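Read off the chains here:
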Amino acid sequence: MGRAAGQSHRPLTSGLSDEVRPILESRFVARENAITESRKVIRAASNAIRALHRSEWESAESLVSESGRHLAGINDALSDHPELLSHAVVLDAAKEYAEARITQAVFMGKPVPSLGDVGVDPVPYLHGLGEAVGEMRRRMLDLLRAERLTEAESLLEQMDEIVDQLAEIDYPDGMTNGLRRTTDTSRALVERSRSDLTATVVQERLRRDLRE
């Protein structure tokens, strides 16, 4: 159909850049700030976990707090752009922080912090919970080498409980960012740890019987 008489043609792109550019520029700046802070979150959380394995409790506490401050910085940077909170780097940072908080509590003999205590989205919290099982296995092996079997058994029970709870979260992987895979990995670590603990207990009994 032809254009009506006298109707002027206005190009679709006229003024488009002026409308779009400020929005995208603001989003880009927020994204870059979030990525920078995310790296700081991950670095501090990783260093905190290393300190925990060395039983450097005060250093670990300081690093966990530092990680949390950077995570709060991400939330501030994205306050006007909540759509970026689901960015992979941001979710990874939240997961690393959750893992550090959970690992810290377990190593210090405290209850596992809840979702509300950690203050992150449920998905990174659940992944952090699953990945903490790997740190707990490493801790359990250290306890076995130190012949602290009672503590090792208690830690294995906690690992088992975490995997059972993760297995109850039955939602599509698209919603949980592949939580089923994390759960399967954690379950495999628990079974290997159970085997290691059993072998150590049997060896200890044999050693005790030989001494007697």
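Above: the structure in question.
Remember, it's a predicted structure, so these values are computed and weren't measured experimentally.

Reading guide: rules and limits
Residues numbered from 1 in each chain as written. Predicted model: local features only at pLDDT ≥ 70, side-chain atom pairs only at ≥ 80, totals over all residues. Heavy atoms only, no water. Helix = DSSP H or I, 4+ residues; strand = E, 2+ residues; numbered from the N terminus. Buried < 20%, exposed > 50% of the residue type's maximum accessible area, 1.4 Å probe, protein only. Salt bridge = Lys/Arg side-chain N within 4 Å of Asp/Glu carboxyl O. Patch = residues over 30% accessible without salt bridge, like charges linked within 9 Å, V, L, I, M, F, W, Y side chains within 5 Å. Areas by Shrake-Rupley, 256 points an atom, 1.4 Å probe, with all protein chains shown as cover.

Asks: Explain unusual backbone geometry here, please?
Replies: Glycine aside, a negative phi is what most residues show, and trans is what most peptide bonds show. Within the chain, Ser55 stands out as a residue other than glycine whose phi angle is a positive 60 degrees. Here Ser55 is to be found in the loop between helix 1 (16-53) and helix 2 (57-77). For Ser55, a relative accessible area of 33% gives the class partly exposed. The phi angle at Glu147 is positive, at roughly 60 degrees, despite the residue not being glycine. Considering the arrangement of structural elements, one finds Glu147 in the loop between helix 5 (122-145) and helix 6 (149-167). Residue Glu147 is classed as exposed on the basis of its relative accessible area of 57%.

Asks: Is there a simple way to explain the pattern of salt bridges in this structure?
Replies: A side chain of one charge can pair with a side chain of the opposite charge if their charged atoms are brought near each other. According to the stated counting rule, one finds 14 salt bridges in the structure shown. Linking Arg31 and Glu32 is a salt bridge whose minimum nitrogen-to-oxygen distance equals 2.7 Å. For Arg180, the salt bridge goes to Asp170, with nearest N and O atoms at 3.7 Å. Residue Arg180 is located in helix 8 (residues 179-211), and its partner Asp170 is located in the loop between helix 6 and helix 7 (173-176); the two are separated by 10 residues in the primary sequence. When its relative accessible area of 42% is taken as the criterion, Arg180 is described as partly exposed.

Asks: Hey, could you run me through a nonpolar patch on the surface in this one?
Replies: A contiguous nonpolar surface patch, about 320 Å² in accessible area, is contributed by Leu16, Val20, Ile23 and Leu24. The topology assignment puts Ile23 in helix 1. For Ile23, a relative accessible area of 48% translates into the label partly exposed.

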